[in-house]
Amino acid sequence: MSFTDALLQAPMTALPFMHLFTSMLQLVLLGGLLMFFRPLLIGIVRALVLVVRPRPSKDELAARRKLRDAKLAQQAAVAVSGPAEVRALRS
């Protein structure tokens with residue numbers, strides 16, 4: 001076996017280990033960077049969500065609440081008048 005054959009053969013056996021080692025090192029560094037910049041990244045994601053789906057204004061929220069309360073009051077009135085109508089039909 002010549003010197004060049006030995007030289008070319010050695011990196012081939014070490015290549016999978018070094019490739020795995022560098023890949024793991026890169027993943028660990030990427031994870032560390034993500035954990036370090038996590039508050040910044042969360043803020044960016046929240047800002048993007050607000051751009052896509054903005055929060056309703058206080059007036060819109062009040063109008064929705066008023067409509068919901070009116071529907072609940074109407075359902076309560078129907079529930080109260082319901083048994084009386086049934087009693088009237090039975091008589």
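The residue numbers shown here count from 1 along each chain, following its written sequence. For a predicted model such as this one, the threshold for reporting local features is a pLDDT of at least 70, and the threshold for listing and counting side-chain atom pairs is 80 or more; totals across whole chains, interfaces and linings nevertheless cover every residue. Hydrogens and waters are ignored; side-chain quantities use all the structure's heavy atoms.

Draft legend 1. Quick peek at the overall build of the protein. Here a helix means four or more residues in a row that DSSP labels H or I, a strand means two or more in a row labelled E, and each is numbered from the N terminus. When helices and strands are tallied, the protein shows three helices and zero strands. Along the protein, helices (α) and strands (β) appear in the sequence α-α-α when read from the amino end. When the 91 residues of the protein are sorted by exposure, 0% land in the buried category. With an accessible surface of roughly 8800 Å², the protein has 72% of that area assigned to carbon and sulfur atoms. The buried label goes to any residue with under 20% of its type's maximum accessible area, the exposed label to any with over 50%, and the partly exposed label to all in between, with areas taken from a 1.4 Å probe on protein chains only. Only the protein chains shown count as cover for residues, with accessible areas throughout obtained via the Shrake-Rupley method and a probe of 1.4 Å.

Draft legend 2. Here's a closer look at the confidence of the model for the protein. For every residue, the predictor assigns a confidence score, pLDDT, that lies between 0 and 100. Mean pLDDT over the protein: 82, with 69% of residues reaching 70 or higher. Ranking the elements of the protein by mean pLDDT puts helix α1 (residues 3–36) last, at 78, and helix α2 (residues 38–52) first, at 95.

Draft legend 3. Region of interest: the packing of aromatic side chains. In this scheme Phe, Tyr and Trp rings, the latter by its six-membered ring, pair at centre separations within 6.5 Å, and the angle between planes marks the pair as stacked below 30 degrees, edge-to-face above 60, and tilted otherwise. Tallying each qualifying case throughout the model produces one aromatic pair. Aromatic side chains Phe36 and Phe37 sit 5.0 Å apart centroid to centroid with 85 degrees between the ring planes, which places their arrangement in the edge-to-face category. With a relative accessible area of 38%, Phe37 lands in the partly exposed category.

Draft legend 4. Geometry of a nonpolar patch on the surface. To count toward a patch, a residue needs a relative accessible area above 30% and no salt bridge. Like charges then connect within 9 Å, nonpolar side chains (Val, Leu, Ile, Met, Phe, Trp, Tyr) within 5 Å. Salt bridges are defined as contacts in which a side-chain nitrogen from Lys or Arg sits within 4 Å of a carboxyl oxygen from Asp or Glu. Where nonpolar side chains cluster on the molecular surface, the patch consists of Leu20, Met24, Leu27, Leu30, Leu33, Leu34, Phe36, Phe37, Leu40, Leu41, Ile44 and Leu48 and spans about 1200 Å² of accessible area. Elements represented by at least two residues in the nonpolar patch include exactly α1 and α2. Sort the elements by how many residues they give to the nonpolar patch and α1 lands first, with seven residues. Topologically, Leu41 is positioned in helix α2.

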